[in-house]
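Listed below are the residues making up each chain.
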Amino acid sequence: MKIVRFKAAGKTRYGVLDGTHIVEYSGTPYGTFKKARKRWPVKQVVLLTPVVPTKIVGLALNYREHAEEMRLAVPEEPLIFLKPLTALCGPDDPIIYPSQTNRVDYEGELAIVIRKRCRHATPERAREYVLGYTCLNDITARDIELREHHRTRAKAFDTFCPIGPCIATNIDPNAAEIETWVNGERRQAGNTKGFVFPVEDVVARVSAVMTLLAGDVIATGTPAGVGPLQPGDRVEVRIDGIGSLKNPVIK
Ligand code: MG
């Protein structure tokens, strides 16, 4: 199923995509989640971030080709960082280009959404803790990232974490086509088969550091082909079996 969070008739609701419609569900996908009677045309609602996490964990250099293009070594342990919740924005929300940077890059990524509390998961059991997968654009102020030792400032600006449009529960996360398009031109094309650390390892290793809670998000890193955005651009992350996450860039 493809789970969405949306606003309709002044209320925030959960539902499941069914073609051009959303079937409303009661409860949340982390507990009791029950089909309700109401159906909404997708065009008449506002899609929100499909998830409200307590933290967003990012992975750096999880594709060999991307590490090569950055002229960096592939890490032996997953290289992780955090993005603040205030960076989140939903489908069609604008990415705001900050005045402190001259180089803002897109990074199309597959994001893992955690289903329930998870601590010290083994790779064998890691998938039990996963609700599904969504698209995430790990927007990065590249000039700041390259001159600082830490990734926090480069990746933490407000609106630097578009996510959505839905949480797909039935895809193979280790064999998904992933693309990033800018103004209708394809800029990144990869497959999650290129992961250095597959999803099971990522969940196991991150949960060995910090307790993951329902709704937490782990961005699994970007394939090769990162590049700059300009105000006025429209950026889109597409993943097979999930859908398309589109956001305009504004000054
Ligand atoms: Mg990234």
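Residues numbered from 1 in each chain as written. Predicted model: local features only at pLDDT ≥ 70, side-chain atom pairs only at ≥ 80, totals over all residues. Heavy atoms only, no water.

A.B. asks: Before we move on, can you summarise the nonpolar core with the specific residues and values?
C.D. replies: What tends to happen in soluble globular proteins is that the nonpolar side chains get buried as a cluster. Ranked by size, the top nonpolar core spans 37 residues in total, and within it Leu110, Ile112, Tyr133, Ile218, Ile239 and Ile242 carry the most contacts. Of all the secondary-structure elements, those providing two or more residues to this core are β1 (2–8), β6 (56–60), β11 (108–114), β12 (130–137), β14 (161–168), α4 (199–207) and β19 (234–239). Sequence-distant contacts of Ile218, defined by excluding residues within four places in its chain, comprise Val57, Leu59, Leu110, Ala111, Ile112, Val202, Val206 and Leu212. Counting 32 residues, the second largest nonpolar core, distinct from the first, contains Tyr106, Leu136, Ile144 and Val249. (Core = buried A, V, L, I, M, F, W, Y, C linked by side-chain atoms within 4.5 Å. Buried < 20%, exposed > 50% of the residue type's maximum accessible area, 1.4 Å probe, protein only. Helix = DSSP H or I, 4+ residues; strand = E, 2+ residues; numbered from the N terminus. Contact = heavy atoms within 4.5 Å.)

A.B. asks: Run through the sheet that holds strand β18 (residues 227–229), naming residues and quoting values.
C.D. replies: On the basis of which strands lie adjacent, the open sheet formed by 3 strands has the order β13-β10-β18 and antiparallel pairing. Each having just a single partner strand, β13 (140–141) and β18 make up the two edges of the open sheet. Strand direction decides the pairing type here: strand β10 (residues 104–106) and β13, joined by 2 bridges, are antiparallel. Across the sheet, Val104 pairs through a bridge with Ala141, a residue of β13. (Pairing = 2+ DSSP bridges.)

A.B. asks: Describe in detail the sheet that holds strand β20 (residues 243–250), supporting the description with residues and values.
C.D. replies: With mixed pairing, 5 strands are arranged side by side in an open sheet as β9-β20-β19-β15-β16. Unpaired on one side and paired on the other, β9 (95–96) and β16 (185–191) mark the two borders of the sheet.

A.B. asks: With reference to specific residues and values, describe the packing of aromatic side chains.
C.D. replies: Counted according to the given criterion, the structure contains 5 aromatic pairs. Ring centres of Tyr63 and Phe195 lie 5.3 Å apart, and the angle between their planes is 55°; this geometry places the pair in the tilted category. Of this pair, Tyr63 sits in the loop between β6 and α1 (64–69) while Phe195 sits in the loop between β16 and α4, and the two are 132 residues apart along the sequence. Just as Tyr63 is buried, Phe195 falls in that class too. For the ring pair Phe157 and Phe160, a centre distance of 5.2 Å and an interplane angle of 55° mean the geometry is tilted. When sorted by exposure, Phe157 lands in the same class as Phe160, which is buried. Pairwise contacts between aromatic rings join Tyr14, Tyr25 and Phe33 into one cluster. It is Lys38 that lies over the ring of Trp40; its NZ or CZ is 4.6 Å from the centre. Its guanidinium or amino end placed over the ring of Trp181, Arg238 lies 4.1 Å from that ring's centre, counting from NZ or CZ. (Phe/Tyr/Trp six-rings, centres within 6.5 Å; stacked < 30°, edge-to-face > 60°. Lys NZ or Arg CZ within 6 Å of the ring centre and 35° of its normal.)

A.B. asks: How would you summarise the environment of Gln188 if you had to cite specific residues and measurements?
C.D. replies: Within the secondary structure layout, Gln188 lies in strand β16. Its relative accessible area of 1% is what places Gln188 among the buried residues. A C-alpha to C-alpha distance of 6.8 Å links Gln188 and Val226, two positions 38 residues apart in sequence. Other than its neighbours up to four places away in sequence, Gln188 contacts Tyr106, Glu107, Gly108, Ile178, Glu179, Thr180, Thr222, Pro223, Ala224, Gly225 and Val226. One polar contact links the side chain of Gln188 to the main-chain amide nitrogen of Gly108, over a distance of 3.0 Å. A polar contact is formed between the side chain of Gln188 and the backbone oxygen of Ala224, at a distance of 3.4 Å. (Polar contact = N/O pair within 3.5 Å; in protein donor to acceptor, adjacent residues only side chain to side chain.)

A.B. asks: Give a detailed account of the environment of Asn174, specifying residues and quantitative values.
C.D. replies: Following the sequence through the fold, Asn174 ends up in the loop between β14 and β15 (177–182). Note: C-alpha distance between Asn174 and Asn191 (17 residues apart in sequence) is 8.0 Å. Filtering out sequence-adjacent residues up to four positions away, Asn174 remains in contact with Arg127, Asn191, Thr192, Lys193, Phe195, Pro198, Val199 and Glu200. Here the side chain of Asn174 touches Val199 through a polar contact of 3.0 Å, landing on its backbone nitrogen. Reaching out from Asn174, the side chain makes a polar contact with the side chain of Glu200 at a distance of 3.0 Å.

A.B. asks: Could you give me a rundown of the pattern of salt bridges, with the residues and numbers involved?
C.D. replies: Taken as a whole and judged by the stated rule, the model has 18 salt bridges. As a salt-bridge pair, Asp216 and Lys55 come within 2.7 Å of each other at their nearest N and O atoms. One end of the pair, Asp216, is in the loop between α4 and β17 (217–219); the other, Lys55, is in the loop between β5 (46–47) and β6, and 161 residues separate them in sequence. Each of the two residues, Asp216 as well as Lys55, counts as buried. The shortest N-O distance in the salt bridge between Arg142 and Asp105 comes to 2.8 Å. Here Arg142, found in helix α2 (residues 142–147), pairs with Asp105, found in strand β10; they are 37 residues apart in sequence, far enough to count as distant. Look at Arg142 and you get buried, because its relative accessible area is 4%. On the basis of relative accessibility, which here comes to 0%, the residue Asp105 falls in the buried class. (Salt bridge = Lys/Arg side-chain N within 4 Å of Asp/Glu carboxyl O.)

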